Amino acid sequence: MASTRHRFHSASPNLLRAGFMFVVFTAIFAGFCVISCNGLYEDQVGVIDWHQQYIGKVKHAVFHSQKSGRKRVIVATEENVIASLNLRRGEIFWRHVLAETDVVDEIDIALGKYVITLSSSGSVIRAWNLPDGQLVWESFLDGSSSSKSLLSVPVDLKNDKENAILVYGRGWLNAVSGIDGELLWRTDFSIGSEDTEVSIERIDLSPDRESIYAIGFIGKSSVAVWVVNPGNGQIMKHEVATYDGGLSLDKLIVTKDTLVALDSARSTIITSSITNGELSLQQTTLSSLLEDFSSEAELLLLKFVGAFALKVDSHILLIKVGNTCSELYLLEKVSEPAIISDGLLLSPEQQAFAVVQHLDKNRVSLTVMLDDGQNNEILKEIVELDPQRGILQKVFINNYLRVDMSHGFRALVIAEDHSLALLQQGEIVWSREDGLAEIIDATTAELPLESDGVSVADVEHNLFEWLKGHLLKLKATLMLASAEEIDVIQARRLNNAEKTKMTRDHNGFRKLLIVLTKAGKLLALHSGDGHIVWSQLIPAFRKTEECQAPSVLKVLPWRIPHQHALDESPAVLIMGKCGLGPDNTGILSFVDSHSGKELESYRLSYPISQVIPLPMTDSTEQRLHLFVDNNARAHLFPRTNEALSMFLKQMSNIYLYFVDIEKGSIRGYGINNQDMSDMVFKDYCFKTRELWSVLFPSELEKIVATVTKMSDEVVHTQAKVLTDQEVLYKYVRKNVLFVVTVSPRAAGPIGSTAPEEAWLVAYLIDTVTGRILHRVTHQGMQGPVHAVFSENWVVYHYFNLRAHRYEMSVIDIYDRSHADTKNVLELMLGHHNLTSPISSYSHVDVEVKSQSYFFSPSVKTIATTSTAKGITSKQLLIGTIGDQVIALDKRFFDPRRSQNPSPAEREDGILPLSEGIPIFPQSYITHSLQVEGLRGIVTVPARLESTCLVFVYGVDLFYTRTAPSRTYDSLTEDFSYALLLITIVALVIAIIVTWVLSEQKELKEKWR
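Now for a description of the structure that goes with this document.

Thresholds, definitions, all that
- Residues numbered from 1 in each chain as written.
- Predicted model: local features only at pLDDT ≥ 70, side-chain atom pairs only at ≥ 80, totals over all residues.
- Heavy atoms only, no water.
- Helix = DSSP H or I, 4+ residues; strand = E, 2+ residues; numbered from the N terminus.
- Buried < 20%, exposed > 50% of the residue type's maximum accessible area, 1.4 Å probe, protein only.
- Contact = heavy atoms within 4.5 Å.
- Areas by Shrake-Rupley, 256 points an atom, 1.4 Å probe, with all protein chains shown as cover.
- Pairing = 2+ DSSP bridges.
- Axes fitted to C-alpha atoms, helices over the stretch in contact; angles between N-to-C directions.
- Core = buried A, V, L, I, M, F, W, Y, C linked by side-chain atoms within 4.5 Å.
- Patch = residues over 30% accessible without salt bridge, like charges linked within 9 Å, V, L, I, M, F, W, Y side chains within 5 Å.
- Salt bridge = Lys/Arg side-chain N within 4 Å of Asp/Glu carboxyl O.
- Arc of directions from axis to C-beta.

### Some points on the overall build of the protein
Helix and strand content of the protein: nine helices and 65 strands. Counting across all 1008 residues of the protein, residues that qualify as buried make up 51%. A separation of at least 24 residues holds for 52% of the contacts in the protein among residues at least 6 apart in sequence. Accessible surface for the protein amounts to roughly 47800 Å². Of this, 52% is attributable to carbon and sulfur atoms.

This is how it looks when you write it as structure tokens:
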């Protein structure tokens, strides 16, 4: 037996080694395939994220629909976007987003190949290449006074400068070369009129195209015309005419060779011919044109040849000028709500214009008329529109030639919700939801639960598709897939039906993104691909006689059902006010998050200065809120006896504060529980009492930023256990306010003061007692300041004037009240006082750790990731001036970093200290994309503890998922289950084959 065992061990090693090598090779191959799949970043773009581009509300539009080249429309929007849109499908050919201060004034097309834009109050003029949007040239025009900005691109200027572009801005008339942007000449009209204000309203060409007319107001009762030589800019003639009754100075128009204005009472039309630069004022009363005239008139800034438009008594009047300026004829009378387009020249003698009227909530009529004064209706179409778009506000028309050589028309319309649509032949050719470029606030809501059963056929179909997909992935992993199959794999990944289902998923990835736009429209976007689930133009924020200028401010979660998730839908609260001033009364609207239906609304009798979500919910799972007015009175919602009873039990623990930036003060208040008058039980209104105040001397400090923690932030544990088993206790109380002040000289833009005169002071203030927990001064620093406050730390960004670089500082605050519990063993055995009641009025001994680092990019906003249980490490999400988002581990901002960390500190994850924060290409969660006009970052925890959902909004929208500590609690979506199954099967087969061969070999050895 001993020899037999010796022969067995000596005869089988090769066979066992071969089997072992096969198993190891199979495992390594499978592992390599899985690792390589995890490293595929390029084809993952668009799988778990999406990016949408918008332009905003259009205010200027110019059509370019020549026979050669692509048909397009050039637009400029209120978001300072210049874009070229495909006239057939509405997609963006090219787009440029200008700076927030570089407001676009006018646009036009020059020489058939350049898009000309005038911006910054007439001081910047640019030429963009029409096909691709490349900047051709840029010119800066100086000026000393503020004025209207006017742009004129002459089409047939009879002089040696046929390519000249006329620009009026900042008090000067400039002629700029259309080829290279060179300034040809400039003229100042204020010379000789220094004692009176000169306001140029129009720049026009003379009928013979041999001179330039500049028309405007001088003082309050005179109009003037300047005749300018187009060759050198010299003023050849200056004529002034005075109207004794005074003039309305807001608008003046010129149609053909006639000047039109209104008197100061807006009841008389003032006209004058400007031929040869001479003025002779004529007056026509509106009552002679409109018998039942009873209110003031308003000139509409529409461009017509030989006609003009007035708005009177809820009507729009189109008035034609006869052979002389005193002959005025009523061409068309349109009842509101209606809009009229600019005139469109069909020939030198004929022009067309469009009239759009609302017939009912979802139908509008588009009528195109001629200005010949006869039966001039040449086109009338009825178009059905989504009633949630609201009233149409503006229309631009364009013509095209049909096959029979007759004129066809298309209309570009802008609606109340700031959406854009092209109408043609009675249908909507395309539409764009460009109100999404103006999001002012956002929140999230859960999708409905999946309650319906699933059929056997659906299960079989889904199983077949699942197997088919994984077989394709396996072929791709083994490099056996064809190019067509690879395209199918990528298409299946991008168009995965699971991510767009309208029910919740077990990972918590599918949610509704509830966004509120400046137009007062609420939209629900699906987090899977960003498509619009529903949209609602909120009725409570529509313009009415009682409220002429409603505005929205904020959207908040109102009801989040947990116990009744199958029976009730979540709801959101939209808060706004009737007007733009701080004293305008508030408006509340409650909207169902699943359907978009407005549940109820309130028109309040007081302004809202602050809203405080309370940590209490009633039996219907509505969250209690306090709305604080300007008199520091707190109003409770919902207005029910149950909510009142719950609030009365907790009101002694509720505190609030006000920050007055102008006065440089912060004041804290508590609910006055001594005054239980009828106002409490009838109006649910509570008086407050001032408890403390912090005043910053105006000659030394000015408040520039205040930040608090998120009210729903989850902190997993207060204790932070170090490697040496020492315990630090985070100061995690929510009633802490971070305040940043700067010196008065440092409150301006960067570089406006010397480093010696600039300083920045950061405070941590307890909002219950007003106690200053910590104060730190940074000499030679100034804003702008951006900050984020989470758990027990705050990170803030500012500019270092001495180093000429941006910096970021971090403050960690720890509670030393638990210093008697110093090690993890006492914590585990329960020998601690973490569960003892905490009061802000008790003595608190805090320990602060801080550090500063250089940070290269300029910052627009900062946020932090949030997870379901607060276990996963944090990441800072930094929105840069380049409109991208960087995700940086909080460990980079650990104040305990040192140049030579000890082994224990390295085990704690402490990184070596460096003067700057490193930024890697992989840190950009927006990849190579830009979220133009980036304004905000919203983070939402998923059900998976490792994952955080990130929504970024600006002019564009971007959504993604991030895992700060990697996805340690789940497999990736592209994990190859088929490859794993094959690997397991191969391992089992290899073991069986090896065992059989080994047994056979042993038997043969025994028979020798």
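Continuing now.
### Thoughts on the sheet that holds strand 44 (residues 623-628)
Across a sheet, strands are paired by hydrogen bonds formed along the backbone, either parallel or antiparallel in direction. Taken together, the four strands give an open sheet; going across it, the order is 43-44-45-48, and neighbouring strands pair in antiparallel fashion. Whereas interior strands pair on both sides, the edge strands pair on one side only; in this sheet they are strand 43 (610-617) and strand 48 (685-686). The pairing of strand 45 (residues 634-637) with strand 48 spans two bridges and is antiparallel. Paired with H635 across the bridge in strand 48 is C685. In the packing of helix 5 (residues 641-650) onto the sheet, the strands contacted are strand 43, strand 44, strand 45 and strand 48, and the crossing angle to strand 43 comes to about 95°.

### A word on the nonpolar core
One finds L412, F951 and L957 to be the most contacted residues of the largest nonpolar core, which totals 37 residues. In this view, L957 contacts W50, H51, Q52, Y54, L436, I439, L525, V931, F951 and V952; residues no more than four positions away in its chain are not counted.

### Here's the deal with a nonpolar patch on the surface
On the surface, a nonpolar cluster with roughly 420 Å² of combined accessible area is contributed by L981, V985, I989, V993 and L997. Position of L981 among the secondary structure elements: in helix 9 (residues 977-1007). Assessed through its relative accessible area of 54%, L981 is described here as exposed.

### With respect to helix 5
For helix 5, every residue scored as buried is listed here: A643, L644 and F647. The buried residues of helix 5 all sit within an arc of 100° when viewed along its axis, so they share a single face. Away from the buried face of helix 5 by more than 90 degrees, exposed residues N641 and K649 are located.

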